[in-house]
Structures are given as C-alpha cells and as structure tokens.
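If you want the building blocks of each chain, they are given just below.
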Amino acid sequence: MKVLLLISVVFSLVSCNTSIGVWRDTKAAFKWTARKISESSNGGGGSYDTDYDAPVY
C-alpha cells in the first residue's frame, strides 16, 4: 500500500513544465558532451549552442 501511495505522489508531482525542463537539460547535456568530444578530437575551439528547440511559455 505504501508503494502505491508513493507512486501516486511521484506521478502527481510531474507536470508538463517539469517534463520540458528535463528534456531541455538532457538535450543540452548531450550537445555539450558531443561538442567536448568534437573539440578534443579536433584540437579545441568551437562555438556554444544554447538552442533548445522547445516551446517557451
């Protein structure tokens, strides 16, 4: 019963904005990691991309 209550509380706290934020953070982390790998194999340099491609509320 406690597990069911815990699961329902966790799912009730998830909102659309939280989901979008997690998606943006994950996407930004992926781009950052790919950029760092690219820079290390190309000798450094490059630009920083902050475009999230997500709606702004």
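It should be emphasised that the depicted structure is a prediction, and the values quoted were computed from it without experimental measurement.

1. Quick word on the overall build of the protein chain
So, point 1. Looking only at helices and strands, the protein chain has 2 helices and 0 strands in total.
So, point 2. Counting across all 57 residues of the protein chain, residues that qualify as buried make up 5%.
So, point 3. Accessible surface, the protein chain: about 5,000 Å² in total, of which carbon and sulfur atoms supply 67%.

2. Describing the pattern of salt bridges
So, point 1. Under the defined criterion, the tally for this structure stands at 2 salt bridges.
So, point 2. Taking the shortest distance from any N to any O, the salt bridge between E39 and R35 comes out at 3.5 Å. In this pair, E39 and R35 both sit in helix α2 (residues 16–42), 4 residues apart, roughly one turn of the helix. The residues E39 and R35 share a single accessibility class, namely buried.
So, point 3. Among the ionic contacts, a cluster of salt bridges with common partners joins R35, K36 and E39.

3. What to know about a nonpolar patch on the surface
So, point 1. The grouping of V3, I7 and F11 at the surface amounts to a nonpolar patch, some 330 Å² of accessible area in total.
So, point 2. With respect to the element layout, V3 can be found in helix α1 (residues 2–13).

Rules of the game
Residues numbered from 1 in each chain as written. Predicted model: local features only at pLDDT ≥ 70, side-chain atom pairs only at ≥ 80, totals over all residues. Heavy atoms only, no water. Helix = DSSP H or I, 4+ residues; strand = E, 2+ residues; numbered from the N terminus. Buried < 20%, exposed > 50% of the residue type's maximum accessible area, 1.4 Å probe, protein only. Areas by Shrake-Rupley, 256 points an atom, 1.4 Å probe, with all protein chains shown as cover. Salt bridge = Lys/Arg side-chain N within 4 Å of Asp/Glu carboxyl O. Patch = residues over 30% accessible without salt bridge, like charges linked within 9 Å, V, L, I, M, F, W, Y side chains within 5 Å.

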